[in-house]
Amino acid sequence: MTQRNGPQNQPIHPASVGRRMLQGAGIGLLLILFFLVGTGEPDPEWPKFWIIKPLIMVPLAGALGGVFYYNMDHLRCQGGWREALAYLLSLVVFIIVLWLGTVLGLNGTMWD
């Protein structure tokens, strides 16, 4: 008979919630940088530091989408149709949250 020195159960989450948040925030940052790089000369009616708001809001929304992806791991590890549902639901929620963050971040400047 052999003894095990480690924990008997494997954790459900293969990555930490912080890692998933950073991945989501990174995707959001890349998306908003793509839009902001091509803006050219800003409208003089916009506030002086208008670019800070979208650079904060969109990565925060992406991090929120990463938290949702992390919370779907319990459904994803069951396999079968539940795994496909978890991936689809995670993608749809991530896109919606990222879109809402982009709208909130660009409200009053590029998004009229």
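Before any of the text, the structure's been laid out above.
Residues numbered from 1 in each chain as written. Predicted model: local features only at pLDDT ≥ 70, side-chain atom pairs only at ≥ 80, totals over all residues. Heavy atoms only, no water.

Section: helix α4 (residues 80-106)
Here is step 1 of the chain: For α4, spanning 27 residues, the distance from its first C-alpha to its last is 40 Å, which sits close to the expected 39 Å at 1.5 Å a residue.
Here is step 2 of the chain: For α4, the set of buried residues is Ala86, Ser90, Phe94, Val97, Leu98, Gly101, Thr102, Gly105 and Leu106.
Here is step 3 of the chain: Those residues of α4 hidden inside the fold are in contact with α1 (17-37), α2 (52-71) and α3 (73-76).
Here is step 4 of the chain: Just downstream of α4 lies Gly108, where phi reads positive at about 90°. (Helix = DSSP H or I, 4+ residues; strand = E, 2+ residues; numbered from the N terminus. Expected span 1.5 Å × (residues − 1). Buried < 20%, exposed > 50% of the residue type's maximum accessible area, 1.4 Å probe, protein only. Contact = heavy atoms within 4.5 Å.)

Thoughts on the packing of α1 against α2
Any two packed helices are characterised by how steeply their axes cross, that is the angle between the axes, and by the distance between the axes.
Here is step 1 of the chain: Packing of α1 against α2 leaves a shortest axis separation of 6 Å and a crossing angle of 145°. Crossing geometry of α1 relative to α2 is assigned as right-handed. Each of Val17, Arg20, Met21, Gly24, Ala25, Gly28, Leu29, Ile32, Leu33 and Leu36 in α1 lies in contact with α2, whose residues at this interface are Pro54, Leu55, Val58, Pro59, Gly62, Ala63, Gly66, Val67, Tyr69 and Tyr70.
Here is step 2 of the chain: Of the residues contributing to the contact of α1 with α2, the split by class is 15 nonpolar, four polar and one charged. (Axes fitted to C-alpha atoms, helices over the stretch in contact; angles between N-to-C directions. Left-handed = near helix turned anticlockwise from the far one by under 90°. Nonpolar A, V, L, I, M, F, W, Y, C, P; charged D, E, K, R; others polar.)

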